[in-house]
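# Structural overview
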Amino acid sequence: MNKNYITLGEFIINNQSDFKYSSGELSRLINSIRLAAKTVNHEINKAGLVDILGAAGDTNVQGEDQQKLDVYANDVFKSALINREIVCGITSEEEDDFITIEGKYNAHDNKYVVLIDPLDGSSNIDVNESVGTIFSIYRRTTPPGMPVKKEDFLQKGNEQVAAGYIVYGTSTMLVYTTGNGVNGFTLNPAIGSFYLSHPNMKFPENGNIFSLNQGNYAHFPQGVKDYIKYCQEEKDDRPYAYRYIGSMVSDFHRNMIKGGIYIYPTSSNAPNGKLRLLYECNPIAFLTEQAGGKASDGFKRIMDIQPSELHERAPIFCGSTKMVEKAEFFMQKNKG
Ligand code: AHG
Ligand code: MN
Ligand code: MN
């Protein structure tokens with residue numbers, strides 16, 4: 001390995017002072033996410049060999065079947081954050097309500113709340129496709145010293161202080177931002193350390209990959225149908241390549257590196273789309289913008305939406321700026 005690669009641990013320490021509220025607390029928080037990521041990665045890598053594939057036999061609050069690995073990943077990230085008492089609250093796609101951290105070290109004094117999608121694309125796990133974890137971090141808005149309240153979690157995306165994801169793919173990567181660009185770290189499994197392999201990640205301004213579930217075509221708004229037609233036309237640099245894994249993290253990661261657009265729109269049977277604003281759309285939108293791309297709900301900026309519910313859903317169009325602008329053009333044109 002190139003001896004110049006720095007580790008994630010070194011990177012966190014070196015960049016701590018760039019962070020406007022620098023106190024070491026956020027660094028410790030990202031460190032515990034790093035640890036949980038390694039634990040989940042270890043379990044995913046041997047998933048076919050242990051009894052962890054398949055459904056857990058339960059549904060989450062949103063009525064979706066929980067996979068055993070959804071539950072496992074949720075437990076690992078929760079305990080990494082709870083045991084170290086470095087946050088004051090957590091909310092997760094797999095939990096009915098937010099969790100207040102109480103403990104012997106005055107956890108109520110902590111400043112940060114974490115919002116997670118512990119396992120993204122979990123329907124891919126049984127077939128050895130890549131999956132991910134998404135996290136989003138905010139400063140609480142209620143005063144420290146007392147239990148967190150729901151309003152601490154219901155903040156606009158533009159209030160995020162950090163966000164990122166882990167992609168458990170052909171290699172495992174942790175990609176995150178604290179508002180100073182996006183950096184990607186690859187896990188060396190032999191050593192158990194993440195190394196800075198993708199510094200300052202940027203979306204190409206334009207791209208030639210479009211990603212959405214075309215199986216839902218009949219239910220899509222006309223603007224999305226027209227944009228699909230545009231992507232498929234033989235003109236200029238088109239037709240574009242169509243790529244869809246069904247794990248937002250994986251689709252997003254590829255598009256950020258190669259240039260592309262990821263869309264999960266509204267549809268006649270899902271009027272607010274499918275993806276969760278707090279656990280999926282906002283962190284991905286923050287990363288998109290920090291990587292020079294654009295993230296919108298088809299009409300306006302994702303990070304300007306005021307959430308009103310923990311599990312609220314939103315449509316998302318994110319990726320290379322020119323592609324998102326073109327998709328927005330078709331949405332606007334067909335606005336009814
Ligand atoms: P999750 O596994 O956390 O529920 O998220 C799955 C999401 C997203 O990752 C993916 O892009 C999308 O659902 C796939 O949905 P479709 O199967 O409807 O395409
Ligand atoms: Mn997800
Ligand atoms: Mn999930």
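Chains are numbered independently. Their residues run from 1 in the order of the written sequence. Chains and ligands are labelled by the order in which they are written, letters from A for the one and numbers from 1 for the other. Whole-chain, interface and lining totals are the exception, using all residues; otherwise, since this is a predicted model, local features are given only for residues with pLDDT of at least 70 and side-chain atom pairs are given and counted only at 80 or more. To get the side-chain values, take all heavy atoms of the structure and skip hydrogens and water.

## Structural notes on the packing of aromatic side chains
What counts here: Each Phe, Tyr or Trp ring (for Trp, its six-membered ring) is paired with any other whose centre lies within 6.5 Å, and the angle between the two planes then decides the class: stacked below 30 degrees, edge-to-face above 60, tilted in between. By definition, any uninterrupted DSSP run of H or I lasting at least four residues is a helix, any uninterrupted run of E lasting at least two residues is a strand, and each is numbered from the N terminus. Each residue is assigned to one of three classes by its accessible area relative to the maximum for its type, calculated with a 1.4 Å probe on protein chains only: buried under 20%, partly exposed between the two thresholds, exposed over 50%.
Under the counting rule described, the total for this entry stands at 13 aromatic pairs. With 5.9 Å between their ring centres and 90° between their planes, Tyr-165 and Phe-252 make a pair best called edge-to-face. Taken as a pair, Tyr-165 in strand E7 (residues 162-168) and Phe-252 in helix H5 (residues 248-258) lie far apart in primary sequence, 87 residues in all. Judged by its relative accessible area of 1%, Phe-252 is buried. Measuring from centroid to centroid gives 6.4 Å for Tyr-244 and Tyr-262, while their planes differ by 20°, and the two rings are stacked. One end of the pair, Tyr-244, is in the loop between strand E12 (241-242) and H5; the other, Tyr-262, is in strand E13 (residues 261-264), and 18 residues separate them in sequence. Taken together, the aromatic side chains of Tyr-227, Tyr-230, Tyr-240, Phe-329 and Phe-330 make up a single cluster linked through ring pairs.

## Quick look at helix H1 (residues 8-15)
For the record, the criterion: This arc is built from the directions going out from the helix axis to the C-beta atoms.
Buried within H1 we find Leu-8, Gly-9, Phe-11 and Ile-12. The buried residues of H1 occupy one face: seen down the axis, they fall within an arc of 165°. Relative to its buried face, H1 has exposed residues pointing more than 90 degrees away, namely Ile-13 and Asn-14.

## Structural notes on the sheet that holds strand E14 (residues 294-296)
Inclusion rule: When DSSP finds two or more bridges between two strands, those strands count as paired. Note on definitions: a residue-residue contact is assigned when non-hydrogen atoms from the two residues lie within 4.5 Å. To get an axis, fit a line to the C-alpha atoms, keeping to the stretch in contact for a helix; angles then go from 0 to 180 degrees between the N-to-C directions.
Pairing is mixed across the open sheet formed by five strands, whose spatial order is E12-E11-E13-E15-E14. Every interior strand has two partners, whereas the edge strands, E12 and E14, have only one. Relative to strand E15 (residues 316-319), helix H6 (residues 277-290) is tilted by about 30°, and along the sheet it contacts E14 and E15.

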